[in-house]
Amino acid sequence: MPKNPKISALQRKAASNAAAIEALNENVDMAFDEGLGEYQRSQEDTLAQVNALIEKTEKRVKDAAEKVIREADQKACESILASYQAYGLKGDPDDCE
């Protein structure tokens, strides 16, 4: 029984692709052996350091913002209590803490 020519062409292409993939894998292995792997590890380490610095900076900004907001809240509460007292209304200073 004769082979289908389309199947034969597909088999040739598949074999060609497999050979190309194998060659690419060999090239990648050789590149890693020649130092690309070390370069990539270095890049990953650098990225980890950058991420750590970003997290540290985010924490500093958040802490500073929370401090400013707390102080603003305290002053606002004290101002409201002073207004209450000016009109003879009761206000508990402990509410501002």
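A quick note: this is a predicted structure, and the numbers were derived from the prediction, not measured.

A. Looking closely at the overall build of the chain. Each helix and strand counted, the chain has one helix and zero strands in total. Taking 2.2 N^0.38 as the reference for a compact globule, 97 residues should give roughly 13 Å; the C-alpha atoms of the chain span a radius of gyration of 35 Å, well beyond that estimate. Its C-alpha atoms put the chain at 110 × 40 × 15 Å along the principal axes. Residue burial in the chain is summarised as follows: out of 97 residues, 5% are buried. Accessible area for the chain stands at about 8,800 Å²; split by element, carbon and sulfur atoms hold 58% of it. When the 13 basic and 19 acidic side-chain charges of the chain are each reduced to a single mean position, those positions are 9 Å apart.

B. Expanded view of a negative patch on the surface. Where like charges cluster on the molecular surface, the negative patch consists of Glu22, Glu26, Asp29, Asp33 and Glu34. You can see Glu22 is positioned in helix H1 (residues 5–86).

C. Broad picture of the environment of Ile80. Along the chain, Ile80 falls in helix H1. The sequence separation of Ile80 and Lys56 amounts to 24 residues, and the corresponding C-alpha distance is 36 Å.

D. Up close: a nonpolar patch on the surface. A cluster of nonpolar residues, Leu24, Val28, Phe32, Leu36 and Tyr39, forms a patch on the protein surface that exposes about 470 Å² of accessible area. Within the secondary structure, Phe32 is located in helix H1.

Each value, and the rule that gives it
- Residues numbered from 1 in each chain as written.
- Predicted model: local features only at pLDDT ≥ 70, side-chain atom pairs only at ≥ 80, totals over all residues.
- Heavy atoms only, no water.
- Helix = DSSP H or I, 4+ residues; strand = E, 2+ residues; numbered from the N terminus.
- Rg over C-alpha atoms; globule rule 2.2 N^0.38 Å.
- Buried < 20%, exposed > 50% of the residue type's maximum accessible area, 1.4 Å probe, protein only.
- Areas by Shrake-Rupley, 256 points an atom, 1.4 Å probe, with all protein chains shown as cover.
- Lys, Arg positive; Asp, Glu negative; His and termini not counted.
- Charge placed at Lys NZ, Arg CZ, Asp CG, Glu CD.
- Patch = residues over 30% accessible without salt bridge, like charges linked within 9 Å, V, L, I, M, F, W, Y side chains within 5 Å.
- Salt bridge = Lys/Arg side-chain N within 4 Å of Asp/Glu carboxyl O.

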